[in-house]
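# Observations on the model geometry
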Amino acid sequence: MTFHEFGRLLKRHLIWFIVFPCLGAGAIYYFMRDEVKVYKTKATLYTGFTSGYSLRSAEENFHVDYSGVSNAFDNVLTTLNSNQTLYEVGVRLLTQHLYLKKPAERELSVTSFQKLQQAIPASLRQTLISSGIPDSTRAQINRMAQSPTDNPIRKLLFGGTDYSADVIGKKLKSSRRGGSDMLDLDYEAEDPAIAQQTLNLAIIELNERYSSLKRSETTPVVNYYEENAKAAKKRLDQAEAKLKAFNVQHDVLNFEDELKTRSTTRDALVSEYNEEVMRSKAAKAARDALGQRMTQGGTLLKINTQLTDKQAELTAAESQLINARANNQPQSVLDQHQAKVNQVSSELKQIAQNYFAADNSAESIPKLTLINGWLDKVLAYEESAARLDIVKKRMDDYLVESAKFPPLESEQRQLTRDMDVAEKEYMTLVQSLNQATTHRQDISIDGSLSVLDPPVFSLTPQPPKRWLFMAIGAGAGLVIALLLAAFRTLADKRVNSTEQAEQRIGSPITALFPTVKKFAINLRASRAATSMFEQVANAINIAIEQRSTPPIRP
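None of the values given here were measured: they were computed from a predicted structure.

### Structural notes on the environment of Arg413
Mapped onto the elements, Arg413 comes out in helix 13 (residues 367–446). Sequence separation between Arg413 and Leu243 is 170 residues; the distance between their C-alpha atoms is 9.4 Å.

This is the structure we're talking about:
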């Protein structure tokens, strides 16, 4: 469709483009002639999800998870718009209004107060507030709201009133302000006091429910890690007790150090044993050498004994000789005694010579020195033999104990490994428990949302929306008029242009004749018709001429 054709279309249906928008705007104006004034209040909450300071943000290498921040905002908005949150807001608002004895501008308007008095009988109202405790009243309201029978409380909380969760959800708007930590809330109502109180109660309920959800989320995690940490600590204590009992039982602290000590001890024992063997052999050799010389010492002692005996025998013989002379014995007896004295004296002389030879030979050692040296070597050999037995016993004990070490070392390594595994498990659980506890403490400290701009009492109603809806109605009427005009144009089968005529007859148009109702030479239409007739005649003559004249061959 060309611009000219569109203009013709508008010209033909101009009345439609005027009437339909006017009808739409007029209908909107009529139905909205009694538009109610609406008051709107706003509030801003600071969440601190991105830039807030908390226990976790104070940790080293802490990074902001922006996807987690977006998820946190979604959780807050979902919690705010949940049916249970909106229901609790309605119950709190109704509880506050039940305690009002008269309307007040900042608490409840006259109209809203009268509607509440009509909805709840005085007797029921008195029963609900008889305790004077808002929590008790709220509990009674909840019981009546959950009652299967119909009652005024159910009508208020589940009907189309300001206390209904559906109405509150439709009027409560929430959104995140750009990429900041701010959350914008707004609420509108016919009563400015209800708008302010509803938004304020919505913030309180949101903080309580969101904090409760976060705490309930962390409490099972903390309990899980606490129980597992206790069990891991018990296993660690048992492993430590087993290792301690093993070390006490076998009198060892560390087998690696013990092996090093025992290796040193073994070398010392072997060295001591070898030295003691050498000392023992040396003492034995010295003792044997002195023993050989002590043989000569034994002859000397024997000679000394014989000398003493001969001296005694000589004394006895001389005594007998003296007694015989004193008693005037016969000469034969005296000769006999004299002979014996001479014999004993001769034997005594020989013994004295032997004693002198034994005591003064070149290979002899003085008797006292020889005996002392022999006794020293005997004692040294006996001591060495005793020490050698002790060292040998120590080496045997060492070998017996060393034979027990490989299985004991393996057992201790297993016990140590069990203790290390239990310790690592316990430390990992303690670290996880600390993180979970920090997260829970972080929620308890900074879990609630801070109110940056609290809801205010609105004194000015919202601008009326009548003119906006009237403009929308007029636009809808204009669209309807355009649709009807387009439908009429498409349904029209008349020829309205030369293009349509050429398309239908399949031949080009030679001339167009205007409609001439009354022919007159001075009329423009008449002159145009005459000109068109001449043009048609000329076209016919040219066509006849072209057909009668044969074509010129080249």
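Continuing now.
### Details of a negative patch on the surface
A contiguous patch of negative charge on the surface is contributed by Glu240, Asp418, Asp420 and Glu423. Here the negative patch gets three residues from one element, more than from any other, and that element is helix 13. With respect to the helices, strands and loops of the structure, Asp418 is situated in helix 13.

### Here's the deal with the sheet that holds strand 2 (residues 172–176)
Overall, antiparallel pairing links the four strands, which are arranged 2-3-1-4 in an open sheet. Taken across any chain shown, the strands that pair with only one partner, and hence form the sheet edges, are strand 2 and strand 4 (450–453). Each neighbouring strand pair of the sheet contributes to a mean axis angle of 30°, computed without reference to strand direction. Bridge count for strand 1 (residues 39–46) against strand 3 (residues 182–189) is eight bridges, and the pairing is antiparallel. For Thr44, the partnering residue across the bridge sits in strand 3 and is Asp184.

### Side note on helix 2 (residues 14–31)
Spanning 18 residues, helix 2 covers 27 Å between terminal C-alpha atoms, matching the ideal 26 Å at 1.5 Å per step. Taken together, the buried positions of helix 2 are Phe17, Pro21, Gly24 and Ala25. The buried residues of helix 2 occupy an angular sector of 85° when projected down its axis, which confines them to one face. Exposed and facing more than 90 degrees away from the buried side of helix 2 are Ile15, Cys22, Leu23 and Phe31.

### Observations concerning the packing of helix 4 (residues 83–98) against helix 7 (residues 134–145)
Where helix 4 meets helix 7, the axes come as close as 10 Å, and the angle between the chain directions of the two elements is 120°. Put simply, helix 4 runs oblique to helix 7. Crossing of helix 4 against helix 7: the hand is right-handed. Along its contact with helix 4, which presents Tyr87, Val91, Arg92, Leu94, Thr95 and Leu98, the element helix 7 presents Pro134, Thr137, Arg138, Ile141, Asn142 and Ala145. Here the residues of the contact of helix 4 with helix 7 sort into seven nonpolar, three polar and two charged.

### Some details on the pairing of strand 2
Note that strand 2 and strand 3 share five bridges and pair antiparallel. Residue Ser175 lies in a different strand from strand 3, and its bridge partner there is Asp184. Connecting strand 2 to the antiparallel partner strand 3 that follows it, the hairpin turn spans five residues, and Gly178 within it adopts a positive phi of roughly 60°.

Rules used in this analysis
Residues numbered from 1 in each chain as written. Predicted model: local features only at pLDDT ≥ 70, side-chain atom pairs only at ≥ 80, totals over all residues. Heavy atoms only, no water. Helix = DSSP H or I, 4+ residues; strand = E, 2+ residues; numbered from the N terminus. Patch = residues over 30% accessible without salt bridge, like charges linked within 9 Å, V, L, I, M, F, W, Y side chains within 5 Å. Areas by Shrake-Rupley, 256 points an atom, 1.4 Å probe, with all protein chains shown as cover. Salt bridge = Lys/Arg side-chain N within 4 Å of Asp/Glu carboxyl O. Lys, Arg positive; Asp, Glu negative; His and termini not counted. Charge placed at Lys NZ, Arg CZ, Asp CG, Glu CD. Pairing = 2+ DSSP bridges. Axes fitted to C-alpha atoms, helices over the stretch in contact; angles between N-to-C directions. Expected span 1.5 Å × (residues − 1). Buried < 20%, exposed > 50% of the residue type's maximum accessible area, 1.4 Å probe, protein only. Arc of directions from axis to C-beta. Parallel < 35°, antiparallel > 145°, perpendicular 65-115°, else oblique. Left-handed = near helix turned anticlockwise from the far one by under 90°. Contact = heavy atoms within 4.5 Å. Nonpolar A, V, L, I, M, F, W, Y, C, P; charged D, E, K, R; others polar.

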